[in-house]
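What follows is the residue order along each chain.
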Amino acid sequence: MMARLILSLSCFLIMLAAPISAQDFEKGIAAYNSGDYATAFKEFKSLADAGGQSSQYNLGVMYHEGHGVQQDYVKAVKWYTLAAEQGYAEAQSNLGLMYLIGQGVPQDYIAAAKWVTLAAEQGYAEAQFNLGLMNENGHGVPQDYVKAVRWYTLAAEQGDAAAQHNLALMYGHGEGVPQDYSKAEKWFKTAAKQGFLEAQWNLGWLYHEGDRFEKDIEQSVVYLRLAAEQDHAPAQFLLGFINEDVFSEPWDLIEAHKLYTRSAEQGYIPAQRSLGKMYLNDGWLADDIRMQEVGLMWSVIAMLQGDESAEFDVSVGESRLSNESIPRVQIMIDDCFNKKFVGCEN
């Protein structure tokens, strides 16, 4: 259940330049921030042609993102390369990832490792994180958990939340370091305090399960709420499950329904099944045909997406409804898929 992260690429403009070109550079930054990409491009291009590293990097970002110019990965690589060859860490890092994924250049793991390493050795936290991930997964370098931990630690100590999260995973799994749940908890919490979604989710899940950390439903709810507020569907589902459980605190069926709905509307199958069961049970107890039809709709949707356990719910729902209801439910199911699960109960 604990999630790992993919590589991170920086697409933020650099805001500093050499004093000799600072005025023109700042004009370019101001234009970019105001949405005047044409002026920004003009200012950066002039400085980049004169060898300005920051401007070369910024042109790379503009071509990479398609801001003010047609998106062009080949040209992005060109400008990143010019800046990288002058030792510009941000450009080296981005260039390395372009080689790693084959974006704008043929995929080349050796070149990727070269450029990311150069940036990481300059202390660039994002590159240190990426190099840690490359070492962890054996992308461009031999798989080496010890080196992965080293690079994650360097980035984590600079406040890189992604590195803090992955470092927590390494401690939790005992990869590259002795297994240490207290250090895993520490780094998860450090990343979570920065709003890092996956760290919030992992803490919520671990506190709920209690298999590595001491079981603590109160703490689980704290972190699940943080993740749920960022629309993390599994967190919304688990928080809904806690609210539905009569033996848990808080017990709030209305809140459980809201959370299941938010998760189900994102296509999260366990939430769709749970929502179906709530409607089927409540509708049957209240003798409410409409609620039962909605319940059967969600149960069928979960079943059609591969949840075999929902087949039982479907059979129960169908047995309780009349022949007149079944065609209506089929229309509701088709409509819900067309709506991509949003607003299906209206």
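These figures come from a predicted structure and were not determined experimentally.

Student: Any chance you could explain the environment of Phe41 here in plain terms?
Tutor: With respect to the element layout, Phe41 can be found in helix α2 (residues 37–49). For Phe41 and Gly68, which are 27 residues apart along the polypeptide, the C-alpha to C-alpha distance reads 7.2 Å. The residues touching Phe41, leaving out its near neighbours within four places in the chain, are Leu59, Met62, Tyr63 and Val69.

Student: Looking at this structure, how should I read helix α6 (residues 109–121)?
Tutor: What sets the pattern is the α-helix's 3.6 residues per turn: residues three or four places apart point alike. Taking 1.5 Å per residue as the helical rise, α6 with its 13 residues ought to reach 18 Å, and the 18 Å between its terminal C-alpha atoms agrees with that figure. Turning to α6, its buried residues number three or more, namely Ala111, Ala112, Ala113, Trp115, Val116, Ala119 and Ala120. Looking at the buried positions of α6, the neighbouring elements they touch are α4 (73–84), α5 (89–101), α7 (125–137) and α8 (145–157). Two or three places before Ile110, at the opening of α6, Asp108 has a side-chain oxygen 3.1 Å from that residue's backbone nitrogen.

Student: What is the right way to look at the confidence of the model for the protein in this model?
Tutor: Detailed reading of predicted coordinates is not advised where the pLDDT is low. Per-residue confidence for the protein gives a mean pLDDT of 91, with 94% of residues at or over 70. Averaged over each element, pLDDT in the protein is lowest for helix α1 (residues 22–33) (83) and highest for α8 (98). Segment residues 1–7: pLDDT under 50, and 34 contacts once partners within four positions in sequence are set aside and those in other chains are kept. Considering only residues more than four positions removed or in separate chains, one finds that residues 14–20, a stretch of pLDDT under 50, has 14 contacts.

Student: Would you take a moment to explain the state of the cysteines for this structure?
Tutor: Here, disulfide denotes a covalent bond that connects the sulfur atoms of two cysteines. If you walk through the whole model with that rule in mind, you get one disulfide. Paired through a disulfide, Cys336 and Cys344 show a sulfur-sulfur distance of 2.0 Å. On the sign convention where negative means left-handed, the S-S torsion of about 85° between Cys336 and Cys344 marks this disulfide as right-handed.

Student: I tried to follow the layout of surface pockets on my own but got confused; where do I start?
Tutor: A water-sized probe, rolled over the atoms, reveals where empty space remains. Put simply, the largest pocket is a space of about 180 Å³. Considering the residues around the largest pocket, the lining is formed by Phe237, Glu244, Tyr260, Pro270, Arg273, Ser274, Lys277, Met278, Asn281, Asp307 and Ser309. Those elements that place two or more of their residues in the lining of the largest pocket are α13 (233–244) and α15 (269–285). The element that contributes the greatest number of residues to the lining of the largest pocket is α15, accounting for six residues.

Student: What am I meant to see in a nonpolar patch on the surface here?
Tutor: Taken together, the side chains of Val246, Phe247, Trp251 and Leu253 present a nonpolar region at the surface, about 480 Å² in accessible area. Among the structural elements, Phe247 can be located in the loop between α13 and α14 (253–264). The exposure class assigned to Phe247 is exposed, which follows from its relative accessible area of 78%.

Student: What's the story with helix α10 (residues 181–193) in this structure? I'm lost.
Tutor: Taking 1.5 Å as the rise per residue, α10 with 13 residues should run 18 Å; its terminal C-alpha atoms sit 18 Å apart, in good agreement. Regarding α10, the residues found buried are Ala184, Trp187, Phe188, Ala191 and Ala192. Projected onto a plane normal to the axis of α10, the buried residues spread over an arc of 140° and lie on a single side. Buried residues belonging to α10 abut α8, α9 (161–173), α11 (197–209) and α12 (217–229). Where α10 terminates, the next one or two residues include Gly195, which has phi positive at roughly 85°.

Student: Got a minute to help me understand the environment of Trp187 in this structure?
Tutor: Note on placement: Trp187 falls in helix α10. Overall, the relative accessible area of 10% leaves Trp187 in the buried class. Trp187 sits 23 residues away from Gln164 along the chain, and the two C-alpha atoms are 5.4 Å apart. Not counting chain neighbours up to four residues away, the residues in contact with Trp187 comprise Ala156, Glu157, Gln164, Leu167, Ala168 and Tyr171.

What counts and what doesn't
- Residues numbered from 1 in each chain as written.
- Predicted model: local features only at pLDDT ≥ 70, side-chain atom pairs only at ≥ 80, totals over all residues.
- Heavy atoms only, no water.
- Helix = DSSP H or I, 4+ residues; strand = E, 2+ residues; numbered from the N terminus.
- Contact = heavy atoms within 4.5 Å.
- Expected span 1.5 Å × (residues − 1).
- Buried < 20%, exposed > 50% of the residue type's maximum accessible area, 1.4 Å probe, protein only.
- Polar contact = N/O pair within 3.5 Å; in protein donor to acceptor, adjacent residues only side chain to side chain.
- pLDDT = per-residue confidence, 0-100.
- Disulfide = S-S within 2.5 Å.
- 1 Å grid on protein atoms, 1.4 Å probe; cavity = no way out; pocket = protein on both sides within 12 Å on 5 of 7 lines; lining within 4 Å.
- Points joined across faces, edges and corners; volume = space filled by probe spheres on them.
- Patch = residues over 30% accessible without salt bridge, like charges linked within 9 Å, V, L, I, M, F, W, Y side chains within 5 Å.
- Areas by Shrake-Rupley, 256 points an atom, 1.4 Å probe, with all protein chains shown as cover.
- Salt bridge = Lys/Arg side-chain N within 4 Å of Asp/Glu carboxyl O.
- Arc of directions from axis to C-beta.

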